[in-house]
Amino acid sequence: MSATVTAIEAALFIFVIATAVVTALARDVLSSIIVFGAYSLGMAALYTFYRAPDVALTEAAISAGVTTVLLLLTIAKTSRMNHEAVFERVDPIAALAVGGLCAVMLVTVTQMPAVGDPSAPVYANPDVTGYYLENTYADTGVGNTVMAVLASYRGFDTFGEAVVVFGAGIATMLVLHREVFS
């Protein structure tokens with residue numbers, strides 16, 4: 001069963017792809033950072049559309065918010081190169097490889113079930129979903145099932161993500177205050 005793409009979904013796809021391409025091809029770092037922030041907001045909107053508000057909030061806060069601010073602070077502390085050209089020259093072999101990857105992903109995405117489809121794996125396997133809904137509080141002591149899955153059932157994964165964010169914070173501090181460490 002293939003999913004039907006709605007107009008909102010198509011508009012978000014086009015926006016995200018366009019901002020990703022402009023981010024990659026822009027020669028001016030400031031322009032690239034600003035368009036990257038727009039890309040992150042587009043992804044947050046897409047995650048919201050797919051009913052994943054926790055992922056959408058993380059994308060909006062970390063990618064669109066914190067990352068954009070840190071990148072802007074980084075270029076404020078460093079020198080900017082002036083470019084006459086607006087976009088980078090595209091390598092034909094790289095463009096062909098990216099196009100092939102996009103074609104494969106497009107075929108894959110069209111095979112996904114529609115949002116809310118009762119035959120989707122999350123609904124088609126009521127034993128797993130039912131277990132989480134019925135036993136979350138007894139197993140973890142957490143009343144919110146989503147938070148229990150993130151913090152308890154997938155605790156090591158969440159801890160790993162926290163370590164990555166912490167490492168990124170340390171690296172950012174090194175970049176922003178590099179004169180302190182020299």
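Data block above holds the structure.
Within any chain, residue numbers begin from 1 and follow the written order of that chain's sequence. A pLDDT threshold of at least 70 governs which residues receive local features in this predicted model, and a stricter bar of 80 or more applies before side-chain atom pairs are shown or counted, although totals over entire chains, interfaces and linings include all residues. As a rule here, side-chain values cover all heavy atoms of the structure and leave hydrogens and water aside.

(A) Spotlight on the overall build of the chain. Labels follow the DSSP assignment, with helices taken as runs of H or I lasting at least four residues and strands as runs of E lasting at least two, numbered in each case from the N terminus. Assigned secondary structure in the chain consists of 9 helices and 0 strands. Listing each helix as α and each strand as β along the chain from the N terminus yields α-α-α-α-α-α-α-α-α. Scaling as 2.2 N^0.38, a compact globule of 182 residues should have a C-alpha radius of gyration of about 16 Å, whereas the chain reaches 21 Å, well beyond that. With the C-alpha coordinates aligned to their principal axes, the bounding extent of the chain is approximately 60 × 45 × 25 Å. Split into buried and exposed, the 182 residues of the chain put 16% on the buried side. Residue exposure ignores everything except the shown protein chains as possible cover, and the areas themselves are Shrake-Rupley values with a 1.4 Å probe. Total accessible area computed for the chain in this model is approximately 12,800 Å², and 72% of it derives from carbon and sulfur atoms. A positive count includes Lys and Arg, and a negative count includes Asp and Glu. His and the chain ends are not counted in either. Taken as the charge location is NZ of Lys, CZ of Arg, CG of Asp or CD of Glu. In the chain, 7 side chains carry a positive charge and 14 a negative one; their mean positions are 15 Å apart. Based on C-alpha atoms, the radius of gyration is set beside the globule rule, defined as 2.2 Å times the residue count to the power 0.38. Categorising residues by exposure relies on relative accessible area from a 1.4 Å probe, with only protein chains included: less than 20% of the type maximum marks a residue as buried, more than 50% marks it as exposed, and the intermediate range marks it as partly exposed.

(B) Summary view of the side chain of T68. Here T68 lies in helix α3 (residues 53-77). We classify T68 as buried; its relative accessible area is 12%. By definition, residues are in contact when any of their heavy atoms lie within 4.5 Å. Not counting chain neighbours up to four residues away, the residues in contact with T68 comprise I33, F36, G37 and S63.

(C) Structural context of a nonpolar patch on the surface. Surface patches are defined over residues having more than 30% relative accessible area and no salt bridge, joining like charges when they lie within 9 Å and nonpolar side chains (Val, Leu, Ile, Met, Phe, Trp, Tyr) when within 5 Å. Within this document, salt bridges are pairs made up of a side-chain nitrogen of Lys or Arg and a carboxyl oxygen of Asp or Glu, the two lying within 4 Å of each other. On the surface, F166, I170 and L174 cluster together into a nonpolar patch covering about 310 Å² of accessible area. Among the secondary structure elements, L174 is positioned in helix α8 (residues 155-176).

(D) Geometry of helix α2 (residues 29-49). Spanning 21 residues, α2 covers 30 Å between terminal C-alpha atoms, matching the ideal 30 Å at 1.5 Å per step. S32, I33, V35, G37, S40, G42, M43, A44 and L46 are the residues of α2 that are buried. Contacts from the buried residues of α2 go to α1 (7-25) and α3. R51 occupies a position one or two residues after α2 and carries a positive phi of about 60 degrees. One less than the residue count of a helix, multiplied by 1.5 Å, gives the span that helix is expected to have.

On their own, these measurements won't tell you what the molecule is for.
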